[in-house]
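Coordinate inspection notes
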Amino acid sequence: MFDLARLSPLFSRWRRRIIFWLPGLLGLSLLLSGAGAGLDQLLRNVRDGIRSHPASGEIHIVEIDARSLTEFGKCPLPGRLHAAAIVRLHQAGARSIAFDVDFSADSQPAEDERLAAALERARGSVVLPTFRQYAGSNSSHYIDNIPIKPFRDNAFLAAVNVFPDPDGYVRHMPLGLETNGVPRPSLASMVAERQAGIGRQFRIDYAIEPNSIPRHSLVDLVSGKVPDAALAGKRIVIGATAVEMGDRYAVPRHGVIPGVVIQVLAAETLLAGPVPRQWSAVYPLLFALMLVAASLGIRSRRLGSAFFFVSTLAVLALPLATEALFAISLPLAPALGVLVIAAHAVADRSHADPLIEHVGVEPGLAPIVDLYQRSANQVAIFQHRRQRRGFVQGRRI
């Protein structure tokens, strides 16, 4: 039977190298260019959906909701209400109290005095927010907002800044930030009681379901409707959830949610285990290249398809395991690009032998193939006799 492979010895020699290096170059280009970031974000959302779980229940939100605004009036709420909330939580035995409310401006002196007195009675156990913002829409200068002096003298200060990614989604939270020239822990670090690394960020675990975070309306808290047992030993964060307050951000999986909920999700992330980290995409890329190298000896199309199907599942499952066990995420786009291209290359290679056999039995081409084989045999005999007997040009075989 006619073997077309004899007509392409160069390809046969380099075929394995091509199958390995072509996917490798594609993976390297994805790694260096960051072109697979969108795919990695999508895969992270899918993994978070698979790992979806409720919050720990250790952190509660006291929300300034629509009911509270209807009852007490529009913000800023009077200082006496915040003072009443501090007194109530302190009496109930709350482990810590943190505010995600701006206290950087003076209000009525009597109201400020009542809040300052409540902070003093809490003996420095309350966390108040600081944040940094641009001076204007076209300005590169920052303005740092910190609580007024009577408040900050009797409270811990923490940074509450959030930094959306270029696409507008909030995915990370700082461990610490410098405001007003002083390095400060983030609110999430303070609530979770974790050490703060100034300038470091961590990925918020959006596998935690926001609706599972225990919440209490401010109006219910100050009116005594929330039992002490629900608050004792809990970490409390007070912040606005009413839509008209405007403190809302887009996040993966959960749409647009209040800023205080994002702060609590970040604190829950730190409570759950190690500070989340992201390793380089180099590691899954090397793993994928090892799988491609192992596939070079496969010649069966069916076996090759099964091998790459299982390999792809293994690569997809790798960050699912590392995120659940070690809080380590792994970008997968370069590795998946390698596996897809290599799978196609191996499938094309496995087609070669069946295709050649099909051509050899095609009725229309059979005479041509037979003629070629006879000619090849005659040439082989010709060369053999010439070498053996000193052939004289023109003699017939």
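Remember, predicted model here, so these are calculated numbers, not experimental data.

**Brief notes about a nonpolar patch on the surface**
A cluster of nonpolar side chains, namely Leu39, Leu42, Val46 and Ile50, defines an oily patch on the protein surface of about 370 Å² accessible area. Looking at where Leu42 falls in the secondary structure, it is placed in helix α2 (residues 37-50).

**Quick look at the pairing of strand β8 (residues 182-185)**
Of the pairings in the sheet, the one linking strand β7 (residues 176-179) to β8 comprises 4 bridges and is antiparallel in character. Looking across to β8, one finds that Thr179 is bridged to Val182.

**A word on the packing of aromatic side chains**
Tallied over the full model, the rule gives 4 aromatic pairs. Measuring from centroid to centroid gives 5.5 Å for Phe307 and Phe308, while their planes differ by 90°, and the two rings are edge-to-face. Since its relative accessible area comes to 23%, Phe307 is described here as partly exposed. Within the aromatic cluster, the residues linked to one another by ring pairs are Phe99, Phe103 and Phe151. Seen from the ring of Tyr142, Arg132 lies directly overhead, with NZ or CZ sitting 4.9 Å from the centre.

**With respect to the environment of Leu289**
Structurally, Leu289 can be placed in helix α11 (residues 282-295). A relative accessible area of 16% means that Leu289 is categorised as buried. Note: C-alpha distance between Leu289 and Pro23 (266 residues apart in sequence) is 8.2 Å. The contact partners of Leu289, leaving out residues within four places of it in the chain, are Phe20, Gly24 and Val338.

**Remarks on the side chain of Glu111**
Inspection of the secondary structure puts Glu111 in helix α5 (residues 109-121). Residue Glu111 is classed as buried on the basis of its relative accessible area, which comes to 12%. Here Arg80 takes part through its side chain, which lies 2.6 Å from a polar atom of the side chain of Glu111. With sequence-adjacent residues up to four places away left out, Glu111 is seen in contact with Pro78, Gly79 and Arg80.

**Regarding the packing of α11 against helix α12 (residues 301-326)**
Where α11 contacts α12, the axes come no closer than 11 Å and their chain directions differ by 165°. By the angle between their axes, α11 is roughly antiparallel relative to α12. Crossing of α11 against α12: the hand is right-handed. In this structure, α11 contributes Phe287, Leu291, Val292, Ala294 and Ser295 to the contact, and α12 contributes Phe307, Phe308, Ser311, Ala314, Val315 and Leu318. Of the residues belonging to the contact of α11 with α12, the class tally is 9 nonpolar, 2 polar and no charged.

Here is what the cut-offs are and how they apply
Residues numbered from 1 in each chain as written. Predicted model: local features only at pLDDT ≥ 70, side-chain atom pairs only at ≥ 80, totals over all residues. Heavy atoms only, no water. Patch = residues over 30% accessible without salt bridge, like charges linked within 9 Å, V, L, I, M, F, W, Y side chains within 5 Å. Areas by Shrake-Rupley, 256 points an atom, 1.4 Å probe, with all protein chains shown as cover. Salt bridge = Lys/Arg side-chain N within 4 Å of Asp/Glu carboxyl O. Helix = DSSP H or I, 4+ residues; strand = E, 2+ residues; numbered from the N terminus. Pairing = 2+ DSSP bridges. Phe/Tyr/Trp six-rings, centres within 6.5 Å; stacked < 30°, edge-to-face > 60°. Buried < 20%, exposed > 50% of the residue type's maximum accessible area, 1.4 Å probe, protein only. Lys NZ or Arg CZ within 6 Å of the ring centre and 35° of its normal. Contact = heavy atoms within 4.5 Å. Polar contact = N/O pair within 3.5 Å; in protein donor to acceptor, adjacent residues only side chain to side chain. Axes fitted to C-alpha atoms, helices over the stretch in contact; angles between N-to-C directions. Parallel < 35°, antiparallel > 145°, perpendicular 65-115°, else oblique. Left-handed = near helix turned anticlockwise from the far one by under 90°. Nonpolar A, V, L, I, M, F, W, Y, C, P; charged D, E, K, R; others polar.

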